[in-house]
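Summary of the model geometry
Chain by chain, the residues:
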Amino acid sequence: QGQLVESGGGLVQAGGSLRLSCAASGRTFSTCAMGWFRQAPGKEREFVAGISASGGRTLYADSVLGRFTISRDNAKNTVLLQMNSLKPEDTAVYYCAASRTLAIPVTVVARFDYWGQGTQVTVSS
């Protein structure tokens, strides 16, 4: 069984940066599209960024385009999310996810089969 563990969340002032990391284990994730999602209190989980199995294709939500960068290192079984120019509206629990069947990223929550436990990101104004 695959496992995903996120780290790197925390409290940061608006305009600051954070880097989230997702460590994958238990199975081969190098053939899986990976993604980052977030969920704020009272809101549905939403897509943030996705990356293809090879790392050659990325996809971003309009709200983070130009500020966030997703990357992966298949040799280390890790996926990173570099978040710059953070805004208070970026405050949420951030989740790493992997799709068992897809090699290219999509935005749909239901297409991802493995989820981490989440890491809190809080951006103060």
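Here, the structure is the one placed above.
All of the points below concern the structure found in this document.

Digging into the overall build of the protein
Along the backbone of the protein there are 0 helices and 11 strands. Ordered by position from N to C terminus, the α and β elements of the protein give β-β-β-β-β-β-β-β-β-β-β. Against the 2.2 N^0.38 benchmark of 14 Å for 125 residues, the protein shows a C-alpha radius of gyration of 13 Å, consistent with a compact globule. In terms of principal-axis extent, the alpha carbons of the protein reach across some 40 × 25 × 25 Å.

Some details on the packing of aromatic side chains
This structure, assessed with the given rule, holds 5 aromatic pairs. Here the aromatic rings of F37 and F47 are separated by 5.6 Å at their centres, their planes lie at 75 degrees, and the arrangement is edge-to-face. Separated by 10 residues along the polypeptide, F37 in strand β4 (residues 34–39) and F47 in strand β5 (residues 46–51) bring together distant segments of the chain. As far as the burial class goes, F37 and F47 line up, both buried. Chaining the aromatic ring pairs together yields one cluster made of F37, F47, F112 and W115. Directly above the aromatic system of Y95 lies the positively charged group of R45, at a separation of 3.7 Å from the ring centroid.

Looking at the sheet that holds strand β8 (residues 78–83)
Pairing between the strands of a sheet is mediated by backbone hydrogen bonds and can be parallel or antiparallel. Taken in spatial order, the 4 strands of this open sheet run β1-β3-β8-β7, and their pairing is antiparallel. The open sheet is flanked by β1 (3–7) and β7 (68–73), the only strands paired with a single partner. Recorded for the sheet is a direction-independent mean angle of 15 degrees between the axes of neighbouring strands. For strand β3 (residues 18–25) and β8, the ladder comprises 6 bridges, and the chain directions are antiparallel. The residue of β8 that forms the bridge with A23 is T78.

With respect to the state of the cysteines
Under the defined criterion, the tally for this structure stands at 1 disulfide. Two residues share a disulfide in this structure: C22 and C96, whose sulfurs sit 2.1 Å from each other. Taking the sign of the S-S torsion, about -80 degrees here, the bridge from C22 to C96 comes out left-handed. Residue C22 is located in strand β3, and its partner C96 is located in strand β9 (residues 92–98); the two are separated by 74 residues in the primary sequence. Side by side, C22 and C96 carry an identical accessibility label, which is buried. Left without a disulfide partner, C32 is nearest to the cysteine sulfur of C96, which lies 11 Å away.

Thoughts on the environment of K76
One can find K76 in the loop between β7 and β8. In sequence terms K76 and A103 are 27 residues apart; their C-alpha atoms lie 18 Å from each other.

The rules we used
Residues numbered from 1 in each chain as written. Predicted model: local features only at pLDDT ≥ 70, side-chain atom pairs only at ≥ 80, totals over all residues. Heavy atoms only, no water. Helix = DSSP H or I, 4+ residues; strand = E, 2+ residues; numbered from the N terminus. Rg over C-alpha atoms; globule rule 2.2 N^0.38 Å. Phe/Tyr/Trp six-rings, centres within 6.5 Å; stacked < 30°, edge-to-face > 60°. Buried < 20%, exposed > 50% of the residue type's maximum accessible area, 1.4 Å probe, protein only. Lys NZ or Arg CZ within 6 Å of the ring centre and 35° of its normal. Pairing = 2+ DSSP bridges. Axes fitted to C-alpha atoms, helices over the stretch in contact; angles between N-to-C directions. Disulfide = S-S within 2.5 Å.

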